[in-house]
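# Geometric and topological summary
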Amino acid sequence: MAPERETPRERTVAGATATGRPRGPRLDQPRPPRRRVLPEWDPDAFGRLSERIARFIGTGRFLVWMTVVIIVWVVWNVSAPASLRFDEYPFIFLTLALSLQASYAAPLILLAQNRQDDRDRVNLEQDRKQNERSIADTEYLTREIAALRVGLGEVATRDWIRSELQDLVKELEERQNGHHAKAGVFPAERPDGSDVRDH
């Protein structure tokens, strides 16, 4: 009896190309971005804005303008007609405005300081690396100069050669003078004055 063959309807595809399985999130594709409830903003742009505000708050111009506004506020609410006054004597609205300004100014100043600290940290790290490179370069140059000095100690300089030649000339002169003094006569002569070759 021959085995029964599967019909195309009964075949199940297995492996990486299986299409019958339920598909989950694919690992070869990035996830779609999630919807955020809070609004998004550029942290760098917000940081730059906070630094500008913090710099302005720390200037004398801001203090002068704030003083002028407070004086005008107080004078207006004291001397203006009662129907035009918007903040009576305890100046509760002025106190609220100043406390609101202070409550926003403090975090903005702290944010600006944190950004400045981050920049200082990066600059210090770069300075430290630059100093390490400079120290390494200085040590390398020191070793090279020391090697050159050692090498130059073994090289014959002009003055050393001159002194050696002068010593050799003196030694040759002393040998010549000493040899003539010993012999007294030419080496080919006998003491009695006759030549060696005379027969």
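It should be noted that the structure appears before, not after, this text.
### Observations concerning the overall build of the protein
The secondary structure content of the protein amounts to 4 helices and 0 strands. Each helix and strand of the protein, ordered N terminal to C terminal, gives the series α-α-α-α. Scored against the burial criterion, the 199 residues of the protein give a buried share of 9%. When contacts within the protein are restricted to residue pairs at least 6 apart in sequence, long-range pairs at least 24 apart make up 47% of them. Here the protein has roughly 18800 Å² of accessible surface; of this, 61% comes from carbon and sulfur atoms.

### A closer look at the environment of M66
Tracing the sequence through the fold places M66 in helix 2 (residues 60-79). Take M66: its relative accessible area is 26%, and that puts it in the partly exposed class. In this structure, the C-alpha to C-alpha distance between M66 and L98, residues 32 residues apart in sequence, is 9.6 Å. When residues no more than four places from it in sequence are discounted, the contact partners of M66 are L98 and Q101.

### Some points on the packing of aromatic side chains
According to the stated counting rule, one finds 4 aromatic pairs in the structure shown. Here F56 and F62 contribute two aromatic rings whose centre-to-centre distance is 5.6 Å and whose plane-to-plane angle is 75°, an arrangement assigned as edge-to-face. Residue F56 is classed as partly exposed on the basis of its relative accessible area of 38%. For the ring pair W73 and F93, a centre distance of 5.4 Å and an interplane angle of 40° mean the geometry is tilted. Of this pair, W73 sits in helix 2 while F93 sits in helix 3 (residues 92-154); the two residues are 20 residues apart in sequence, bridging distant segments of the chain.

### Considering the pattern of salt bridges
Evaluation of the coordinates by the stated rule reveals 11 salt bridges. For R119, the salt bridge is made with E51, and the minimal N-O distance between the two is 2.9 Å. Taken together, the residues span a long stretch of sequence, with R119 in helix 3 and E51 in helix 1 (residues 43-57) at a distance of 68 residues. A cluster of three or more residues bridged by salt bridges with shared partners is formed by D44, R48, E51, R55, R115 and R119.

### Quick notes on a nonpolar patch on the surface
A surface patch of nonpolar side chains, amounting to about 530 Å² of accessible area, comprises W76, L84, F86, F93 and L96. Relative to the helices and strands, F86 resides in the loop between helix 2 and helix 3.

### Quick word on the side chain of E51
By relative accessible area, E51 is classed as buried at 6%. A polar contact is formed between the side chain of E51 and the side chain of R115, at a distance of 3.1 Å. With residues near it in sequence (within four places) discarded, E51 still touches A112, R115, Q116 and R119.

Cut-offs and rules
Residues numbered from 1 in each chain as written. Predicted model: local features only at pLDDT ≥ 70, side-chain atom pairs only at ≥ 80, totals over all residues. Heavy atoms only, no water. Helix = DSSP H or I, 4+ residues; strand = E, 2+ residues; numbered from the N terminus. Buried < 20%, exposed > 50% of the residue type's maximum accessible area, 1.4 Å probe, protein only. Contact = heavy atoms within 4.5 Å. Areas by Shrake-Rupley, 256 points an atom, 1.4 Å probe, with all protein chains shown as cover. Phe/Tyr/Trp six-rings, centres within 6.5 Å; stacked < 30°, edge-to-face > 60°. Salt bridge = Lys/Arg side-chain N within 4 Å of Asp/Glu carboxyl O. Patch = residues over 30% accessible without salt bridge, like charges linked within 9 Å, V, L, I, M, F, W, Y side chains within 5 Å. Polar contact = N/O pair within 3.5 Å; in protein donor to acceptor, adjacent residues only side chain to side chain.

The values reported here are purely geometric and, on their own, carry no functional implication.
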